[in-house]
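# Working through the structure, step by step
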Amino acid sequence: MAGTKITAILRVDPQQPEAAVIARAAAVLRAGGLVAFPTETVYGLGANALDSAAVQGIFAAKERPAYDPLIVHLGQVAELLQVAATCPPVAETLAARFWPGSLTLVLPKHARVPAVVTAGGETVAVRVPQHPVALALIRAAGVPVAAPSANRFGRLSPTCAADVLAELDGRVDLILDAGPTPVGVESTVLSLVTEPPTILRPGGVSREALIEVLGPVALLEQPVTAEQIAPAPGTLAQHYAPRARLVLYQGERRAVLATMREDALALQAQGVRVGLWLADEDLPEVAALDVFTVAAGPAADLEQVARQLFATLRQLDEAGVAVILARDLGAQGIGLAIRDRLTRAAGGHVIQVA
Ligand code: AMP
Ligand code: MG
């Protein structure tokens, strides 16, 4: 799809969104148009979830395959039964604890939700986002809003309006610009149609926080291979990917850094442009190398690393590196989501350093 729309960009206050701006964006949604808007996780590409043609527009704009279902965003917890057929007590408990917030629940779908939203499946993914702009927009539109991340399929998720424009100029009617998104990685997708509940995609709400409320929680382990076709939703091996090839290094910090240094030098000797993605405190360890390096944030503050994750990967792309060597920073809290995105960006190319 070539860009055929004229994309307007409106600035909006992230804390107190201006009513006139929100009203204009809500009118676009009600008329079947596409609005990119900030959520606390990343920017979303929204359409009226009950309007099949509008939702088709999301798939066209993103060049997203029809087998990858969308998350439906609600303005109120009380609207859950408008899109889900049933609401088990566990969903109520989770909604009370985590909504509005970065937790998406997968439940049996209501007949009213068009098949295109759920990729023909019998379940629907739903959440109430926390960002004041997202909430104001959905409430003003008065309809559930289907919204995946506002990037072309398989690419890095946008965490600011400029990132959205770079991906979707001419493909979206309106972009609401409220500055950078506070969480930086997508929502945690939790299936409640399995026993115990299963994390299908780690994200903004940690596994530890879910276990505190639910007890046992399964984590979908993906044997990610590039050959998989039509895999479980959101489990594509190559996803959230920069243009450069990414290799993820796991293991004890000193050993990992030594291996990364060696590999960077070996690649450079072959004429390959290499970039490093490291924790702030790792920088002195590579200072002697002449390698483009981005500091992802302190390893002790993975919330900050998450906030900057997609922007730092974009920086490496913009620097024109062909290969990114990234250090795994652990799986604690939001670290699990960071590891998940880096593993997917690596297309499963993970090196275990002994
Ligand atoms: P995005 O917001 O671009 O990350 O895309 C939405 C993601 O939500 C999908 O890729 C899936 O991971 C997940 N999702 C949406 N609907 C369902 C569903 N019915 N069952 C399982 N996962 C879903
Ligand atoms: Mg996405």
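Residues numbered from 1 in each chain as written. Chains lettered and ligands numbered in written order. Predicted model: local features only at pLDDT ≥ 70, side-chain atom pairs only at ≥ 80, totals over all residues. Heavy atoms only, no water.

As a further point, take the sheet that holds strand β8 (residues 174–177). What the eleven strands build is an open sheet, ordered β1-β8-β2-β3-β7-β4-β6-β5-β9-β10-β11; its pairing is mixed. The open sheet has two edge strands with one neighbour each: β1 (8–11) and β11 (218–219). Bridge count for strand β5 (residues 103–108) against strand β6 (residues 123–127) is four bridges, and the pairing is antiparallel. If you follow proline 108 over to β6, its bridge partner there is threonine 123. Set on the sheet, helix α1 (residues 19–30) makes contact with β1, β2 (35–38), β3 (43–48), β7 (145–146) and β8; between it and β8 the angle comes to about 150 degrees. Set on the sheet, helix α6 (residues 207–214) makes contact with β5, β9 (188–191), β10 (198–201) and β11; between it and β9 the angle comes to about 35 degrees. (Pairing = 2+ DSSP bridges. Helix = DSSP H or I, 4+ residues; strand = E, 2+ residues; numbered from the N terminus. Contact = heavy atoms within 4.5 Å. Axes fitted to C-alpha atoms, helices over the stretch in contact; angles between N-to-C directions.)

With that out of the way, let us pick up the nonpolar core. Among the nonpolar cores identified, the biggest contains 67 residues, and Leu103, Leu176, Leu190 and Leu210 are the most heavily contacted of them. In terms of nonpolar packing, the next biggest core, distinct from the first, is built from 29 residues, Val183, Ala244, Trp277 and Ala279 among them. (Core = buried A, V, L, I, M, F, W, Y, C linked by side-chain atoms within 4.5 Å. Buried < 20%, exposed > 50% of the residue type's maximum accessible area, 1.4 Å probe, protein only.)

Quick look at the side chain of threonine 104 now. Position of threonine 104 relative to the elements: it lies in strand β5. The exposure class assigned to threonine 104 is buried, which follows from its relative accessible area of 0%. A polar contact of 2.8 Å, which involves the side chain of threonine 104, links it to the side chain of serine 187. Ignoring anything within four residues of it in the chain, the contact list for threonine 104 reads Ile71, Ala125, Val126, Arg127, Ser187, Thr188, Val189 and Leu190. (Polar contact = N/O pair within 3.5 Å; in protein donor to acceptor, adjacent residues only side chain to side chain.)

Look at any regular strand and the pattern is simple: side chains alternate between the two faces of the sheet. Going residue by residue along β8, you find Leu174 and Leu176 tucked away on one face and Ile175 and Asp177 tucked away on the opposite face as well. As defined by bridge partners, β1 adjoins β8 across four bridges and the pair is classed as parallel. Residue pairing across strands places leucine 10 opposite leucine 176, the latter belonging to β8. Two strands pair when backbone bridges link them, and β2 and β8 are joined in this way by two bridges, in the parallel orientation. The residue bridging alanine 36 from the neighbouring strand is isoleucine 175, located in β8.

Near ligand 1, the surroundings consist of 14 residues, among which Arg64, Asp68, Thr123, Ser149 and Arg201 are the closest. Separating an oxygen atom of ligand 1 from a backbone N or O atom of serine 149 is a distance of 3.1 Å. Within the contact set of ligand 1, an oxygen atom lies 2.4 Å away from a side-chain nitrogen or oxygen of arginine 201. Contact with the protein chains covers 95% of the free accessible surface of ligand 1, which is 490 Å². Among the secondary structure elements, those contributing two or more residues to the shell around ligand 1 are β6 and β10. (Near = heavy atom within 4 Å. Areas by Shrake-Rupley, 256 points an atom, 1.4 Å probe, with all protein chains shown as cover.)

Let us look at the pairing of strand β13 (residues 274–278). Most of β13 is tucked away: five of the five residues are buried. Residues Val274, Leu276 and Leu278 line one face of β13 and the alternating positions Gly275 and Trp277 line the opposite face, and both faces are buried. Sheet analysis places β13 next to strand β15 (residues 323–327), joined by four bridges and oriented parallel. Bridge pairing in β15 places leucine 276 opposite leucine 325.

By rolling a water-sized probe across the atoms, one finds the places where empty space is left. Taken as a whole and judged by the stated rule, the model has one cavity of 30 Å³ or more. Reported here for the largest cavity is a volume of approximately 40 Å³. Lining the largest cavity are Thr188, Ile199, Pro202, Gly203, Val205, Ser206, Arg207, Gly333, Leu336 and Ala337. Split into classes, the residues belonging to the lining of the largest cavity amount to five nonpolar, four polar and one charged. (1 Å grid on protein atoms, 1.4 Å probe; cavity = no way out; pocket = protein on both sides within 12 Å on 5 of 7 lines; lining within 4 Å. Points joined across faces, edges and corners; volume = space filled by probe spheres on them. Nonpolar A, V, L, I, M, F, W, Y, C, P; charged D, E, K, R; others polar.)

Purely spatial values, then, with no claim about function.
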